[in-house]
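Each chain is listed here by its residues.
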Amino acid sequence: EDDPIDSLPGPAKLPIIGNMLDMFNMTPGEKFKYERQLSKTYKQRYMQKVFYRRIVYLHHPDDVEVVLSHSKNITKNVIYDFLKPWLGTGLLLSTGSKWYKRRKILTSAFHFDILKDFASLFEERSRRLVDQLRANNGEAISILPVMNNFTLLTICETALGTKLDTDRSVNTAAYKDAISKIGQICIYRLSRIWLYIDAIFNRTSAGREFAKNVDIIHSFADNVIVQRKEQRLNSLDKGLVERDEFNRKKRTVLLDLLLEAEAKREIDLEGIREEVNTFMFAGHDTTGTALTFSLMLLSDHEEAQERILEEYNEVMRGKETPTLSEFAEMKYLDAVIKETLRLYPNPHRIGRVLTEDITLGGVPMRAGTEVCVLTIDLHYREDFFPEPEKFRPERFLRGEIQHPYSFVPFSAGPRNCLGQKFAMLEIKSVLTHICNNFKLVPMKRNWRVETVSDIVLKPAEPIYIKFVPR
Ligand code: HEM
């Protein structure tokens, strides 16, 4: 059937299968470069077709604004379905009234007072991270696994109230292992179009392995949910305030808010499980890679490390632990993180299927069309970010950002990232602790790791850094 978007430019299409074979034999690295090249060739937008699927790719801020700010076009496209057996229709994947109701409940989990509590947890954890890094005696270490482990520990503590490193009641090693296997299987599936069909995928060894690991993750989450529920009921019965091992009032974690909502019949146990799994996924890999890329860039820019430290000392004047408002005063630190997220946005694209018609540049797009915002290409546009390849945090200090939709690492509009403040705070806490205690030294000067498309944007090889004690 004819569609007005067939007039959009894009790579040549074969009859029936369209662009299906365009990237068939490419390595993940080649695919990544090919996609970037397409955005350079088609400066406004382009269309690809695979059988009946038409996908419009966008990377101009005006188009991005139309798509992301739309109040009704909030449905994710088919690629996200891979994650459904694991995340169910939790906040990341759900749509319509289910999404709306849950978003309302969960927004309260990031209330200012709760964030304050989390800030002190990040500080405790960052101190321990410094000790762990110091034990390497300035030897180079591969930072991605260390940062991902760190963010997994913090999200488990804040979402579930469970300490993965010390809690003996749960099988944490199996859980961590299962999360990483699931990620690898999703990547494997992403590049094999025949495995997009569930009936085929589920019969392959990868499909069976996927299901086995999903079970491990689900039973871990269930175990923690049941335990937390029992503890809460016990203390509520006795009118007690819950205390931790140091006799401090226990932090309110996301799970507590969900259990409160369950008591009010706003969510059921299955819903709680979906949200717990969603937050553990959305909250750890993204922040872990953001920390990794920040450290890589900082190690190559000694002047930026010194400036972070100077600013920290100016704001803190000898005080030890920054409050939220002190972190907010550290503008240069904020700019460094933003510049990192501009260069390495994660996820680097956002997919939707239109449920309402829209018009982009005079071309009508009907409900049912898939649109994909290429955040990474948006962030590298020369017309909005001069010398886009360069790490220049100052661009975020001098009001150079001309269009509110030219920089959207946390997405924007109704489906923006719920954990944005949480993530920024966590990254600030880690970076200030690291810059206060170490000089970061890269293995190679002027080196940037290649990146590959995955569920999230990943470095193609390990990034090694030396943490030399100050
Ligand atoms: C630097 C770190 C992070 C980045 C760059 C990031 C980025 C994003 C982006 C781009 C989206 C939109 C995804 C889409 O529409 O497909 C998103 C959604 C989401 N993020 Fe984050 N995120 C980060 C950290 C976190 C953290 C720490 C949490 C939880 C504590 C979190 C929870 C969520 C949730 C629940 C959603 C779905 C929101 C909805 O659809 O209503 N994120 N994030």
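Residues numbered from 1 in each chain as written. Predicted model: local features only at pLDDT ≥ 70, side-chain atom pairs only at ≥ 80, totals over all residues. Heavy atoms only, no water.

Novice: So, the nonpolar core: which residues are in play, and what are the values?
Specialist: Grouped together as the largest cluster of nonpolar side chains are 123 residues, with contacts concentrated most on Ile434 and Phe467. Considering each element in turn, this core owes the most residues, 12 residues, to helix α11 (residues 269-300). Those residues in contact with Phe467, other than ones at most four positions away along the chain, are Leu133, Gly138, Ile141, Ile143, Leu295, Ile434, Phe438, Lys439 and Leu440. Residues Tyr42, Ile55, Tyr57 and Cys372 belong to the second largest nonpolar core, which totals seven residues. (Core = buried A, V, L, I, M, F, W, Y, C linked by side-chain atoms within 4.5 Å. Buried < 20%, exposed > 50% of the residue type's maximum accessible area, 1.4 Å probe, protein only. Helix = DSSP H or I, 4+ residues; strand = E, 2+ residues; numbered from the N terminus. Contact = heavy atoms within 4.5 Å.)

Novice: An account of the state of the cysteines is requested, with residue identities and associated values reported.
Specialist: The full count for this structure, using the stated rule, is zero disulfides. The thiol of Cys156 is unpaired, and the distance to the nearest cysteine sulfur, on Cys417, comes to 17 Å. This cysteine, Cys372, is not joined by any disulfide, and Cys186 carries the nearest cysteine sulfur, 17 Å off. (Disulfide = S-S within 2.5 Å.)

Novice: Quick rundown of the packing of helix α12 (residues 302-316) against helix α14 (residues 331-343)? Include the residues and the values.
Specialist: Closest axis-to-axis distance for the α12/α14 pair is 8 Å, and the angle between their directions is 145 degrees. Contacts from Ala304, Arg307, Ile308 and Glu311 in α12 reach Lys331, Tyr332, Leu333 and Val336 in α14. (Axes fitted to C-alpha atoms, helices over the stretch in contact; angles between N-to-C directions.)

Novice: Give me the pattern of salt bridges: which residues, what numbers.
Specialist: Considering all chains together, one arrives at 34 salt bridges under this definition. With a shortest N-O distance of 3.2 Å, Asp300 and Arg448 are connected by a salt bridge. In this pair, Asp300 is assigned in helix α11 and Arg448 in the loop between β8 (438-442) and β9 (451-452), connecting sequence segments 148 residues apart. Glu326 is the salt-bridge partner of Lys319, the closest N and O atoms lying 2.7 Å from each other. Its relative accessible area of 43% is what places Lys319 among the partly exposed residues. Judged by its relative accessible area of 12%, Glu326 falls in the buried class. Look at the salt bridges and you will find they share partners, linking Glu35, Arg36, Arg349 and Asp377 into a network. (Salt bridge = Lys/Arg side-chain N within 4 Å of Asp/Glu carboxyl O.)

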